Amino acid sequence: MDEKIIAASKRHPIVPLGEGRLYTYGTAGFRMKADLLDGVTFRVGLLAALRSRKMSSKAIGVMITASHNPAADNGVKVVDPMGEMLEQDWEGLATKLVNAPTDEDLAAQYKSIAQQLNINLDAPGKVIYGRDTRPSGHGLVAALNDALEATSTQATDFKLLTTPQLHYLVRCLNTEGTVNAYGAVSEAGYYEKLSEALVRALGGRKASGQLVVDCANGVGGPKLHEFLKYVSKDKTGLDIKVVNDDVLHPEALNLDCGADFVKTRQKPPPSPRPTPGVRSCSFDGDADRLIYHWLDPETGFFMLDGDRISSLAASFIADLIRSANLQDELRIGVVQTAYANGASTAYIEKHLQLPIGCTPTGVKHLHHEALKFDVGVYFEANGHGTVLFSPHALRTFRDTQPQSPAQKDALDVLAACGDLINQTVGDALSDMLLVEVILAHKNWTLKDWALTYSDLPNRLVRVEVADKDAFRTTDAERRLTHPVGLQDKIDQCVSKYTRGRSFARASGTENACRVYAEAATRSEADDLANKVAQLVKQYGDM
Ligand code: NG1
Ligand code: ZN
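Here goes a summary of the coordinates provided. For clarity, every value in this text was computed on a predicted model and none was experimentally measured. (Residues numbered from 1 in each chain as written. Chains lettered and ligands numbered in written order. Predicted model: local features only at pLDDT ≥ 70, side-chain atom pairs only at ≥ 80, totals over all residues. Heavy atoms only, no water.)

1. Topic: the pattern of salt bridges
Keep this limit in mind: Between Lys or Arg on one side and Asp or Glu on the other, a salt bridge is scored when a side-chain nitrogen of the former is within 4 Å of a carboxyl oxygen of the latter. Each helix is a run of DSSP H or I of at least 4 residues and each strand a run of E of at least 2, with the numbering of both proceeding from the N terminus.
Per the counting criterion, the structure on display carries 36 salt bridges. E196 is the salt-bridge partner of R200, the closest N and O atoms lying 3.0 Å from each other. Pair noted here: R200 and E196 are both in helix α7 (residues 187-202), with a separation of four residues, about one helical turn. One salt bridge connects K229 with E226, and the closest N-O pair in it is separated by 3.0 Å.

2. A word on helix α15 (residues 405-420)
Spelled out, the test is: Helices are assigned an expected span. That span is 1.5 Å times one less than the residue count. Under the scheme applied here, a residue whose accessible area is under 20% of the maximum for its type counts as buried, over 50% as exposed, and between as partly exposed, the area being computed with a 1.4 Å probe on protein chains only. For this analysis, residues touch if any pair of their heavy atoms sits within 4.5 Å.
The end-to-end C-alpha distance of α15, which contains 16 residues, comes to 22 Å, matching closely the 22 Å that a straight helix rising 1.5 Å per residue would cover. When we look at burial in α15, the residues that qualify are Q407, A410, L411, V413, L414, A416, C417, G418 and L420. Here the buried face of α15 lies against α7, α11 (306-323), β14 (385-389), α14 (391-399) and α16 (428-442).

3. Remarks on the coordination of the zinc ion (ligand 2)
Octahedral metal centres with six donors ideally show angles of 90 or 180 degrees, and tetrahedral centres with four donors ideally show 109.5 degrees. Operational definition: Think of the donor list as every N, O and S atom within 2.8 Å of the metal, or within 3.2 Å for Na, K and Ca; water never makes the list, so a site can look incomplete. Geometry is assigned from the angles between donors: four donors with all angles from 85 to 135 degrees make a tetrahedral site, four or six donors whose opposite pairs exceed 155 degrees while the rest stay between 65 and 115 make square planar or octahedral sites respectively, and everything else is labelled irregular.
Bound to the zinc ion (ligand 2) are the protein donor atoms S67 (OG), D284 (OD), D286 (OD) and D288 (OD), situated 2.0 to 2.1 Å from the metal. Taken together, the four donor atoms coordinating the zinc ion (ligand 2) and their angles of 86 to 170° define a geometry best described as irregular. The sequence motif formed by the donor residues of the zinc ion (ligand 2) is S-x216-D-x1-D-x1-D. Taken together, the residues S67 in the loop between β2 (59-64) and β3 (73-79) and D288 in the loop between β8 (279-283) and β9 (290-296) connect sequence positions 221 residues apart.

4. Comments concerning the site of ligand 1
Inclusion rule: We call a residue near a molecule or strand when any one of its heavy atoms sits within 4 Å of it. In protein, a polar contact requires one atom able to donate a hydrogen and another able to accept it; more generally it is a pair of N or O atoms within 3.5 Å, and residues adjacent in sequence count only if both atoms are side-chain atoms. In short, Shrake-Rupley with a 1.4 Å probe defines the accessible areas, and a residue's cover is counted only from the protein chains shown. Here the term charged refers only to Asp, Glu, Lys and Arg, the term nonpolar to Ala, Val, Leu, Ile, Met, Phe, Trp, Tyr, Cys and Pro, and the term polar to all other amino acids, Gly among them.
Around ligand 1, the structure places H68, R289, Y339, T361, E380, N382, R505, S507, G508, T509 and R514. Within the contact set of ligand 1, an oxygen atom lies 2.5 Å away from a side-chain nitrogen or oxygen of S507. With the chains in place, 87% of the 430 Å² that ligand 1 exposes on its own is no longer accessible. When grouped by side-chain class, the residues that make up the shell around ligand 1 number one nonpolar, six polar and four charged.

Here is the structure:
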């Protein structure tokens, strides 16, 4: 075993990052310029081989993607048996394994982790993997496969997939043949499950008007085309026009299009030219983020981000739960991060009267918190999120005897939503179908949806600092404990603005700090963001 790992590792050397710098498994796994990733991916293969054996030989997933990042980047992350993100304790092991200085150290680390965690290396191991459309994905898959071969781990290549499809497949594989079977273990199974749930969730209603879907020139494009083969336009009313679906020119990926572009630039993708009044939405490069938007003929561009999808879903499901007379039986809650617009938080708390949790950035934190509810709605403002239904909730939808046609309809739609909404991770395609279902039920345009509340103007600023690790936070990243004294200065600054709120934190994915600010007016929000950014810069360079 040792020799095999060492020999294979020599073909996938790790590129040293330079003095004192380490590769770290962050919120998005390992993510960087693709040319640094060959050795990293090989080593992640070793980690997945260990993880599968630790988890009683269940299948582990590995996804090769850099999501919304530029085409030249790539990334690798590990999916746990129920389709969740890798358990947090293992992130440290991943970091350790990837940074082993030599091939021999690597093989020794592999064995020592197995020993420490009582992992039987002779037990069977199983890993499945997929990749987005980045050309560098081919080579990285080969590196991954070499690690699986060197550790005699059974490997299945699902080739091109969206990130949520891989999460779906992992869960299906590990629940196959049990009472919790999640679906057929194939891409077709995924489309069948969603298209069938879509019809049930619509309950005879139909989507109206065209929906233009910007696929960021990523893997979402071909996958959405594929999905549409499973959907009857007559039955659902779904009239989708797929745009920015060019996967033949790799450099086009996420370039001037996609969910991240729309969210951060607060404008529609310039191409194809947006038609005023047409309902549109954007996926990111691996189709796990979703942002709705349209160009209003009178008022201009408007965007409905993760906070909006979250409040829409929560309000819809809470209404259904009331119609099903289950409000005393099932607890529904919403989970956000500090980046959620203050107006959305107020709307959910005061208008919808639902409990809200706030967690640090990164969907794994939100996911974990959402599991505390029977129905847990979680979204990051950037459009990544989903709705989790507890086994108790799903059973209740199925087993409650309806006392009226209205109650039956509500129960059927709730059960259908449980199948429609990806239970493993945020999924742009599945979330989009949910939004379409809700708009059809409410007979709403995007404008009707937008009128539910008004967002507070906000600004996100990236600040380069000498050492981002000097910025340490508490209270779900809403307050800084370090550098000492900075939080007081921020508080003083914020107090001068109407409905002002601002916070700063070190990015988990980039070598920089981020400052968020919101206030009653555009100019106040910009001004506050700039002032706090200056403070961050000043303390960061001290
Ligand atoms: P960082 O770089 O830690 O702010 C960013 C996003 C997160 C999350 C991760 C993973 C913002 C402000 N931050 O994290 O929401 O999506 O990337 O992709 O959008
Ligand atoms: Zn993504």
